Amino acid sequence: MVTYIFKRLIWAAVMLTIVSIITFAIFFLVPRLAGATPESLAARYVGRTANAEQVQIAAEKLGFNDPLVVQYGRFAKGIVAGADYDYGPGVEHCPAPCFGYSFLTRLPVWPDLLDRLPVTMSLAFGAAIIWVLAGVATGVVSALKRGSFFDRAAMTIALGGVSLPIFFTGIVSMVVFSYGNPFSITAPGGSYTPLLDDPVAWAYSLILPWITLAFLYAAGYARLTRAGMLETMNEDYIRTARAKGLAERTVVLKHGLRGALTPLVTIFGLDVGLLLGGAVLTESTYSLPGMGKYAIDAITNQDLPKVMGVVLFAAFFVVVANLIVDLLYAVVDPRVRLA
């Protein structure tokens with residue numbers, strides 16, 4: 001098991017390196033292939049009022065005239081060991097992990113990402129708890145009562161949850177359950193409160209985004225759980241468990257559901273990993289100051305260092321989530337341990 005974990009850690013590091021190379025190529029190699037010059041790239045760092053001489057000096061100081069291999073090495077070194085930026089009057093040191101300085105604020109990107117990470121983590125993990133409990137429970141009951149009214153109603157609602165875009169359900173939910181309506185259950189959008197400041201206000205500001213996001217994901221989990229349970233409950237070991245006289249609840253939860261959880265674990269790891277990189281639509285709809293809204297603002301303002309920081313940050317979470325999922329397989333499915 002230790003050897004397996006060590007190999008997975010090595011592959012995770014390799015994957016992050018490949019992602020960093022691809023990210024660097026998208027933002028620096030592709031513009032070169034499209035005809036961009038070192039001066040045009042440097043113009044983003046010095047502002048629109050700079051003259052041609054200032055832009056040329058900035059391109060030289062930032063190393064845009066160097067070969068791309070050297071530039072990537074400097075970029076990777078900044079992430080691992082920090083980097084020094086010479087913008088003119090003096091040299092600024094950007095501590096590791098350094099994703100550069102914002103074009104607009106001239107501040108390091110990394111602290112900005114850390115400031116917004118608690119918002120995204122609060123949204124992702126809170127919604128994940130709701131959608132897993134609701135989706136799995138609905139799928140199990142639907143599988144056990146196949147063809148019943150509950151099964152048909154639950155799958156119809158699940159189909160609607162998968163089909164409706166989240167910005168639509170988010171706006172409708174705000175109209176119905178927020179803005180001072182009699183049925184108000186949450187604060188208006190954009191009123192996020194940190195957990196450590198006031199846990200009650202924190203939950204109050206996030207309950208509607210949680211439900212909206214969970215409605216989208218729970219629908220898929222319910223359908224997947226139902227399909228997995230229908231297949232698992234027809235296996236030979238389920239008939240053997242019943243023949244041994246085990247209680248139906250034990251057969252369903254310990255043997256049937258456990259066998260159907262393997263694909264759910266895979267999808268859950270990917271979903272949470274992607275959401276930690278930014279729930280773009282949900283955060284934009286509810287004006288939550290998280291990673292997703294940060295990415296949208298960076299793209300709108302063409303703030304290249306911020307965009308690169310979000311991309312690499314999101315890739316890190318996806319790779320880590322996949323690593324955790326691989327390790328959880330042995331816990332969920334005994335057949336993996338035997339293999």
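Scope of this entry: the structure provided in the associated data block.

Procedures and definitions
In this numbering scheme, every chain counts its residues from 1 along its sequence in written order. For a predicted model such as this one, the threshold for reporting local features is a pLDDT of at least 70, and the threshold for listing and counting side-chain atom pairs is 80 or more; totals across whole chains, interfaces and linings nevertheless cover every residue. Only hydrogens and water are set aside when side-chain values are computed; all heavy atoms of the structure are taken into account. Only runs of H or I of at least four residues qualify as helices and only runs of E of at least two qualify as strands under DSSP, and these elements are numbered from the N terminus. Criterion for a salt bridge: a side-chain nitrogen of Lys or Arg within 4 Å of a carboxyl oxygen of Asp or Glu. Partly exposed describes any residue whose relative accessible area lies between the buried limit of under 20% and the exposed limit of over 50%, with all areas from a 1.4 Å probe on protein chains only and scaled to the type maximum. The term nonpolar core refers to a set of buried residues drawn from Ala, Val, Leu, Ile, Met, Phe, Trp, Tyr and Cys, joined through side-chain atoms within 4.5 Å. Any pair of residues with heavy atoms lying within 4.5 Å of one another is described as a contacting pair. Two rings belonging to Phe, Tyr or Trp (six-membered ring only in the last case) form a pair when the distance between their centres is within 6.5 Å. Interplanar angles under 30 degrees mark stacking, angles over 60 mark edge-to-face geometry, and anything in between is tilted.

**Section: unusual backbone geometry**
Here the amide bond leading from Ala 96 into Pro 97 is cis, since omega sits at -5 degrees, within 30 degrees of zero. Note on placement: Pro 97 falls in the loop between strand E2 (91-94) and helix H5 (109-144). Despite not being glycine, Ser 287 has its phi angle at roughly 55 degrees, a positive value. Along the chain, Ser 287 falls in the loop between helix H11 (280-285) and helix H12 (291-300).

**Some words on the pattern of salt bridges**
Considering all chains together, one arrives at 6 salt bridges under this definition. Asp 236 serves as the salt-bridge partner of Arg 239, at 2.2 Å between the closest nitrogen and oxygen. In this pair, Arg 239 and Asp 236 both sit in helix H9 (residues 236-243), 3 residues apart, roughly one turn of the helix. Judged by relative accessible area, Arg 239 falls into the partly exposed class, the value being 45%.

**Remarks on the environment of Ala 134**
Relative to the helices and strands, Ala 134 is located in helix H5. Between the C-alpha atoms of Ala 134 and Leu 164, which are 30 residues apart in sequence, the distance is 18 Å.

**Describing the nonpolar core**
Phe 28, Phe 64, Leu 113, Trp 131 and Met 229 are the most contacted members of the largest nonpolar core, which totals 74 residues. It is H5 that provides the largest number of residues to this core, a total of 12 residues. Discounting chain neighbours no more than four positions away, the residues touching Phe 28 are Leu 41, Tyr 45, Phe 64, Leu 68, Gln 71, Leu 304 and Met 308.

**A short note on the packing of aromatic side chains**
In this description, an aromatic ring pair is defined by two values, namely the gap between the centres and the angle between the planes. One pass over the structure, following the stated rule, counts 13 aromatic pairs. Judged by centre distance (5.9 Å) and plane angle (40 degrees), the rings of Phe 99 and Trp 110 are tilted. Taken as a pair, Phe 99 in the loop between E2 and H5 and Trp 110 in helix H5 lie far apart in primary sequence, 11 residues in all. Accessibility expressed as a relative area gives 10% for Phe 99, which makes it buried. The exposure class assigned to Trp 110 is partly exposed, which follows from its relative accessible area of 22%. Each ring, one from Trp 131 and one from Tyr 217, has its centre 4.5 Å from the other, and the planes form 20 degrees; the classification is stacked.

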